[in-house]
Amino acid sequence: MLRFVVGTEDLLRTRFALSPVFDLINLIRAVAGPYGRGVPASWLARLRPRFEPLQADPVLDAIHALHLDTSGATFICPPPQRIGQTMEDDLAALRAAPPPLVREEIDYYLARSSSAAAAREVLTAPDVLDRLAVFLAAAWSVLLAEDWPKLRLLCERDVVHRSGELSRAGWEAALAGLHPKLRWRDGGIDLIGRRGHATVLDGAGLLLVPSVFIWPEFAVFADEPWPKAIVYPVRGVATLLEQGPPEAPEHLAALIGRSRALILMMLADPASTSQMARALGMAVGAVGDHLGVLLRSGVVERARAGRSVLYRRTPLGDALVG
């Protein structure tokens, strides 16, 4: 069983980041494959027609060849650097991947894959990184770009919650509910079902990455030279995927206006003005004006968290929504 052994320095240096490309690749494999990988049928029905023009591209077969049932090539989806990671950041990292590591991983997966000749041609081409990046950019445009602001808000809220638990009560509290196969035990994190040995983080900390389309599984980065990382299902993802983002009830919209009602609906968990603006496709100033009205009315409250000011519903706001 794989295990991360952590110490005090690791707690201080543990950080969070988002990985758009990780979620994209998982969504690609769900849309292109026969089983859906936990993505609801409604999402697949909406996205598969959009993805159809890319199905015949041999780069798609190459992406499949870089993944086994329990692992995938890291160079195509390297650990992210920051909470504000963008798809452009991920594509730049892919294009800059060290050639020796790229070749080593490609050779590993080709030796274990029954991929078609066209996929092998892509993976052995000198411009393989550019071809992968171009395909992923096209897939992002048709599959995930439209929904990402709302999904990113969900991930950012999870980070607010987890980082608060980590600083308040340590590892055990931060890992609570992260995944049934992740548990805190005797100064370390057990990753049940993953092969490996005890790895001492040795003060480097751990990278924690909330993900939408890893659900209901989790993933691990444990090999050199990559940072040690755990990719886990974001809180509330099952509800979002199955039911979609919250919509403002007609009675609430009639009372306070549709935009304010939608903002109030989405503030069951803390969010900043800019996060709400991205998720709702509204101007930051407009969201700020609406939040000012809701704040003065006593239905939301605000508090500073690091550099951000976060808003959430008050009990009165909860009652109004209910």
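Residues numbered from 1 in each chain as written. Predicted model: local features only at pLDDT ≥ 70, side-chain atom pairs only at ≥ 80, totals over all residues. Heavy atoms only, no water.

J.: What is the right way to look at the overall build of the chain in this model?
T.: Looking only at helices and strands, the chain features 16 helices and 11 strands. Taken over the C-alpha trace, the chain has a radius of gyration of 21 Å; the compact-globule value for 322 residues is 20 Å, and the two agree within 12%. In terms of overall dimensions, the chain has C-alpha extents of about 65 × 50 × 30 Å along its principal axes. Split into buried and exposed, the 322 residues of the chain put 49% on the buried side. Put simply, of all contacts in the chain between residues at least 6 apart along the chain, 69% involve residues at least 24 apart. Measuring between centres, the 35 positive side-chain charges of the chain sit 4 Å from its 35 negative side-chain charges. (Helix = DSSP H or I, 4+ residues; strand = E, 2+ residues; numbered from the N terminus. Rg over C-alpha atoms; globule rule 2.2 N^0.38 Å. Buried < 20%, exposed > 50% of the residue type's maximum accessible area, 1.4 Å probe, protein only. Contact = heavy atoms within 4.5 Å. Lys, Arg positive; Asp, Glu negative; His and termini not counted. Charge placed at Lys NZ, Arg CZ, Asp CG, Glu CD.)

J.: What should I look at first to understand the sheet that holds strand β8 (residues 229-233) in this one?
T.: Within a beta sheet, neighbouring strands are joined by backbone hydrogen bonds and run either parallel or antiparallel to one another. In spatial order, the strands read β2-β6-β8-β7; together these four strands make up an open sheet with mixed pairing. Of all strands in the sheet, those with a lone pairing partner are β2 (15-16) and β7 (219-221), marking the two edges. (Pairing = 2+ DSSP bridges.)

J.: What am I meant to see in the nonpolar core here?
T.: Taken as a class, soluble globular proteins show a tendency for nonpolar side chains to be buried jointly. Within the largest apolar cluster, 62 residues are counted, with the highest numbers of intra-cluster contacts made by Phe75, Ile76 and Leu136. By residue number, the principal contributor to this core is helix α8 (residues 128-143), which donates nine residues. (Core = buried A, V, L, I, M, F, W, Y, C linked by side-chain atoms within 4.5 Å.)

J.: Sorry if this is basic, but what is going on with the sheet that holds strand β4 (residues 188-191) here?
T.: Strands sit in the order β3-β4-β1-β5 across an open sheet of four strands; the sheet is mixed. Each edge of the open sheet carries a strand with a single partner, namely β3 (182-185) and β5 (198-200). Each neighbouring strand pair of the sheet contributes to a mean axis angle of 25°, computed without reference to strand direction. Pairing of strand β1 (residues 2-5) with β4, which is carried by four bridges, proceeds in the antiparallel orientation. If you follow Leu2 over to β4, its bridge partner there is Leu191. (Axes fitted to C-alpha atoms, helices over the stretch in contact; angles between N-to-C directions.)

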